[in-house]
Amino acid sequence: RGGGGGGGGGEPSGQKSASAFRMLSQEEFEEQENTKVSTGKRYFKFTKLSDIVSMAAYRQGLTEADLARERLMRAALLDFLRGVMNMDPS
């Protein structure tokens, strides 16, 4: 849904077509499907991925070294998640 697709069979060989797919807005989806979308549960008070990862509570009783290691792990997790969600890594 959300647009025509490229790659059907009408392209000359060796040429790539740009994707014609796009994400529908909530309003477009509701109109197209003739339904109302229920609002999802809010699990975090933050809206940015970096805030969610960095502001999550740390375990109690961590030493300074453990806290530093936890911050590095969270930074690595954030880098990984951003890479996974990047649709065009170039």
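Placed above this text is the structure.
Residues numbered from 1 in each chain as written. Predicted model: local features only at pLDDT ≥ 70, side-chain atom pairs only at ≥ 80, totals over all residues. Heavy atoms only, no water.

**Q** Before we move on, could you go through helix H3 (residues 64-85) and cite the residues and values that matter?
**A** Over its 22 residues, H3 runs 32 Å from end to end, which matches the ideal 32 Å to within 8%, given 1.5 Å per residue. Three or more residues of H3 are buried, namely Leu67, Arg74 and Leu78. Take H3 and look down its axis: the buried residues cluster within an arc of 40°, on one side only. Along H3, exposed side chains directed more than 90 degrees from the buried face belong to Leu72, Met73, Asp79, Phe80 and Val84. Its buried side turned inward, H3 meets helix H2 (49-55). (Helix = DSSP H or I, 4+ residues; strand = E, 2+ residues; numbered from the N terminus. Expected span 1.5 Å × (residues − 1). Buried < 20%, exposed > 50% of the residue type's maximum accessible area, 1.4 Å probe, protein only. Arc of directions from axis to C-beta. Contact = heavy atoms within 4.5 Å.)

**Q** Describe the packing of aromatic side chains, with residues and values.
**A** With the rule as written, the count across this model stands at zero aromatic pairs. In this structure, Arg74 is placed above the aromatic ring of Tyr58, and the distance from its NZ or CZ to the ring centre is 3.9 Å. (Phe/Tyr/Trp six-rings, centres within 6.5 Å; stacked < 30°, edge-to-face > 60°. Lys NZ or Arg CZ within 6 Å of the ring centre and 35° of its normal.)

**Q** How would you explain a nonpolar patch on the surface if you had to name every residue and give the values?
**A** Side chains of Leu77, Phe80, Val84 and Met85 sit close together on the surface and give an oily, nonpolar patch of about 420 Å² of accessible area. With respect to the helices and strands, Val84 occurs in helix H3. (Patch = residues over 30% accessible without salt bridge, like charges linked within 9 Å, V, L, I, M, F, W, Y side chains within 5 Å. Areas by Shrake-Rupley, 256 points an atom, 1.4 Å probe, with all protein chains shown as cover. Salt bridge = Lys/Arg side-chain N within 4 Å of Asp/Glu carboxyl O.)

**Q** Let's hear about the pattern of salt bridges: which residues, and what values?
**A** According to the stated counting rule, one finds four salt bridges in the structure shown. Between Glu28 and Arg22 there is a salt bridge, with the nearest N and O atoms lying 2.9 Å from each other. For Glu28, a relative accessible area of 31% translates into the label partly exposed.

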